[in-house]
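Here is what each chain is made of, one letter per residue.
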Amino acid sequence: MMRLLLLLTGLLLTLAPRAQAQQTITGSIRFDGVVRDYRLYVPRAYDGTKPVPLLLNLHGFGSNNVEQEQYGDFRAIADTANFLVLHPNGTVGPNSQRFWNTFLPYAAGGPDDVGFLSALIDSISARYRVNQQRLYSTGMSNGGFMSYELACRLNGRIAAIASVTGSMVASHLDACAPVRAVPVLEIHGTADGTVPYEGNAVFVPIPELVAAWAQRNGCNPTPVITQVPDTNTTDGSTAERQVFAGGRNGSVVEHYRIIGGGHTWPGAPVNIGVTNRDIDASKVVWQFLRRYQLNGLVTSTTAAAARSYSAELLLAPNPARSQVSVRSTLGPLEVGKMRVSDAAGRTVSATFRRGPDGSLLLSTAGWAAGSYWLRAEVKGRTLYRQLLKTAE
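In what follows, the accompanying structure is described. Quick caveat, the model's predicted, so the values are computed rather than measured. (Residues numbered from 1 in each chain as written. Predicted model: local features only at pLDDT ≥ 70, side-chain atom pairs only at ≥ 80, totals over all residues. Heavy atoms only, no water.)

Brief notes about the overall build of the protein chain
Part 1 of the argument: Within the protein chain, the regular secondary structure consists of 9 helices and 21 strands.
Part 2 of the argument: Taking 21 Å as the expected radius of gyration for a compact globule of 392 residues, we find that the protein chain reaches 21 Å, a close match to that expectation.
Part 3 of the argument: For the C-alpha atoms alone, the extent of the protein chain along its principal axes is close to 70 × 45 × 45 Å.
Part 4 of the argument: Counting over 392 residues, the protein chain shows a buried share of 53%.
Part 5 of the argument: Considering only contacts within the protein chain whose residues lie at least 6 apart along the sequence, 66% involve residues at least 24 apart.
Part 6 of the argument: Counting only carbon and sulfur atoms, one obtains 53% of the accessible surface of the protein chain, whose full area is about 16,200 Å². (Helix = DSSP H or I, 4+ residues; strand = E, 2+ residues; numbered from the N terminus. Rg over C-alpha atoms; globule rule 2.2 N^0.38 Å. Buried < 20%, exposed > 50% of the residue type's maximum accessible area, 1.4 Å probe, protein only. Contact = heavy atoms within 4.5 Å. Areas by Shrake-Rupley, 256 points an atom, 1.4 Å probe, with all protein chains shown as cover.)

This is the structure in structure tokens:
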């Protein structure tokens, strides 16, 4: 990692003028008594008029958010596709290296990184217009492990994930029980010397990993395999694409097998080993993730509906802790014509009462933190609005 740090330090100096200073925000939140910091990239296209997707981009073991922002860079893509890119920092371990808590057995404890990332999403969502149906996670190495952790334990919020050179610990894969099909992309080199493609005593072999997720999602167990054109014949590697299609709710599992590739991010701005140049991992990751939202595939119809309805059903506060006020610009709301569902589409028992100003007051006390949908019928119209519930 020291070599990576030196390379990226030089890269930072080279690329420093690339983006306007106001587009990168640094901040921190206190979680479990510890101050955790992050970098947020706000693209040029963001103007706050509509909710946009949010992508977590997680660094590897011994790395940090600045290095990951540069090495697995999504900023130019975000500028045109209009999504926020969040680069959090893991905690510093006894060996003075940053990490995500994904390797130890659950009984061993350690930092609650799932809780931290969920709280961080809440914090960002309170300041920016985030589409809660389109939260994604990707990462390098340990950041890829962490993305799988979110797919297992925060799948009520995270719509899809992509891992580059990551895997899972066998005990975590065995314990993984998502309540919905989570689309997964894995990009991995067959010559990876850090997270071996064929696995080891701790890490799950990559073929076994993608097959397990295909089974969980109800995908066809036999992938469609296509060869990626070898556009760069001097990078020491080639690539093939495997697609396990036909999963529940439109989900798929994809795997880019980088033949001869090392523990590297394809298309990265620097070489730290055998780095494939036939694909750009950042572009491949976004092209995969952007197709999905929590309730399935993103369509132009659902996107247009979300934009239309968001202005007519008003929630305050949102995110909410124990109670939220609900009103509509179209007219009075009726309790009998309100419905609440969770991120998986299941109906949630909801208690409304009339407020002194005529709005409906919805109690969220006792609900699990996460994303919910409110549906209201007003004057023949069906309106929807996302509600973010924070921890009490």
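Back to the text.
Focus: the pairing of strand β12 (residues 253–259)
Part 1 of the argument: Most of β12 sits out of view: 5 of its 7 residues are buried.
Part 2 of the argument: In this sheet, β12 lies alongside strand β11 (residues 238–244) in antiparallel orientation, the contact comprising 7 bridges. Across the sheet, the residue bridging to Ala 239 is Ile 258, located in β12. (Pairing = 2+ DSSP bridges.)

Some words on the packing of helix α4 (residues 113–125) against helix α5 (residues 142–153)
Part 1 of the argument: At a closest axis distance of 10 Å, the pairing of α4 and α5 adopts a crossing angle of 80 degrees. Considering the angle they form, α4 stands roughly perpendicular to α5. Counted together, Asp 113, Val 114 and Leu 117 of α4 and Met 146, Glu 149, Leu 150 and Arg 153 of α5 form the full contact between these two elements. (Axes fitted to C-alpha atoms, helices over the stretch in contact; angles between N-to-C directions. Parallel < 35°, antiparallel > 145°, perpendicular 65-115°, else oblique.)

Overview of the sheet that holds strand β16 (residues 323–328)
Part 1 of the argument: Overall, antiparallel pairing links the 4 strands, which are arranged β15-β16-β19-β18 in an open sheet. For this open sheet the edge positions go to β15 (313–316) and β18 (351–354), each flanked by a neighbour on one side alone. Strand-to-strand twist of the sheet, defined as the mean angle between neighbouring strand axes without regard to direction, takes the value 30 degrees.
Part 2 of the argument: With 4 bridges joining them, β16 and strand β19 (residues 360–363) adopt antiparallel strand pairing. Bridge pairing links Gln 323 to Ser 363 in β19.

Describing empty space enclosed by the protein
Part 1 of the argument: One pass over the structure, following the stated rule, counts 1 cavity of 30 Å³ or more.
Part 2 of the argument: Thr 165, Ile 187, His 188, Gly 189, Ile 258, Gly 261, Gly 262, Thr 264, Pro 266, Val 274 and Asn 276 are the residues that line the largest cavity.
Part 3 of the argument: It is strand β9 (residues 184–189) that contributes the most residues to the lining of the largest cavity, 3 residues altogether.
Part 4 of the argument: Grouping the constituent residues of the lining of the largest cavity by class yields 4 nonpolar, 7 polar and no charged. (1 Å grid on protein atoms, 1.4 Å probe; cavity = no way out; pocket = protein on both sides within 12 Å on 5 of 7 lines; lining within 4 Å. Points joined across faces, edges and corners; volume = space filled by probe spheres on them. Nonpolar A, V, L, I, M, F, W, Y, C, P; charged D, E, K, R; others polar.)

Brief notes about the state of the cysteines
Part 1 of the argument: Overall, the coordinates contain 1 disulfide when judged by the stated rule.
Part 2 of the argument: Disulfide partner of Cys 152: Cys 176, at an S-S distance of 2.1 Å. Between Cys 152 and Cys 176 the sulfur-sulfur dihedral comes to about -105 degrees; the bridge is accordingly left-handed. Separated by 24 residues along the polypeptide, Cys 152 in helix α5 and Cys 176 in the loop between α6 (170–175) and β9 bring together distant segments of the chain.
Part 3 of the argument: Free cysteine Cys 219: the closest other cysteine sulfur is in Cys 176, separated by 14 Å. (Disulfide = S-S within 2.5 Å.)

Description of the nonpolar core
Nonpolar side chains tend toward joint burial in soluble globular proteins.
Part 1 of the argument: Grouped together as the largest cluster of nonpolar side chains are 46 residues, with contacts concentrated most on Leu 40, Leu 84, Ile 124 and Trp 213.
Part 2 of the argument: Core analysis: the second largest hydrophobic core is formed by 33 residues, Ala 78, Ala 159, Ala 160 and Val 228 among them. (Core = buried A, V, L, I, M, F, W, Y, C linked by side-chain atoms within 4.5 Å.)

Some remarks on the sheet that holds strand β7 (residues 130–140)
Part 1 of the argument: In space, the 10 strands of this open sheet follow the order β1-β2-β4-β3-β7-β8-β9-β12-β11-β10, with mixed pairing throughout. This sheet does not close on itself; its edge strands, each paired only once, are β1 (24–31) and β10 (224–228). Strand-to-strand twist in this sheet, taken as the mean axis angle between neighbours without regard to direction, amounts to 20 degrees.
Part 2 of the argument: Taken together, the 3 bridges between strand β3 (residues 52–58) and strand β4 (residues 84–88) define a ladder with parallel strand orientation. Bridging from a neighbouring strand, Leu 56 pairs with Leu 86 of β4.
Part 3 of the argument: Across the sheet, helix α7 (residues 206–217) touches β9, β11 and β12, and the angle it forms with β12 is around 170 degrees.

Notes on the packing of aromatic side chains
Part 1 of the argument: Per the stated rule, a full pass over the model turns up 12 aromatic pairs.
Part 2 of the argument: Judged by centre distance (5.1 Å) and plane angle (80 degrees), the ring pair of Phe 103 and Phe 145 falls under edge-to-face. Of this pair, Phe 103 sits in the loop between β6 (98–99) and α4 while Phe 145 is found in helix α5, placing the two residues 42 residues apart along the sequence.
Part 3 of the argument: Judged by its relative accessible area of 30%, Phe 103 falls in the partly exposed class.
Part 4 of the argument: The exposure class assigned to Phe 145 is buried, which follows from its relative accessible area of 2%.
Part 5 of the argument: Judged by centre distance (5.8 Å) and plane angle (80 degrees), the ring pair of Tyr 136 and Trp 286 falls under edge-to-face. Pair noted here: Tyr 136 is in strand β7 and Trp 286 is in helix α8 (residues 281–289), with a separation of 150 residues, a long-range link.
Part 6 of the argument: Residue classification places Tyr 136 among the buried positions, given a relative accessible area of 0%.
Part 7 of the argument: Taken together, the ring pairs in this structure connect Phe 83, Tyr 136 and Trp 286 into an aromatic cluster.
Part 8 of the argument: A cation over an aromatic ring shows up here: Arg 36 above the ring of Phe 116, its NZ or CZ 3.8 Å from the ring centre.
Part 9 of the argument: Cation over ring: Arg 216 sits above Trp 213, and NZ or CZ is 5.8 Å from the ring centre. (Phe/Tyr/Trp six-rings, centres within 6.5 Å; stacked < 30°, edge-to-face > 60°. Lys NZ or Arg CZ within 6 Å of the ring centre and 35° of its normal.)

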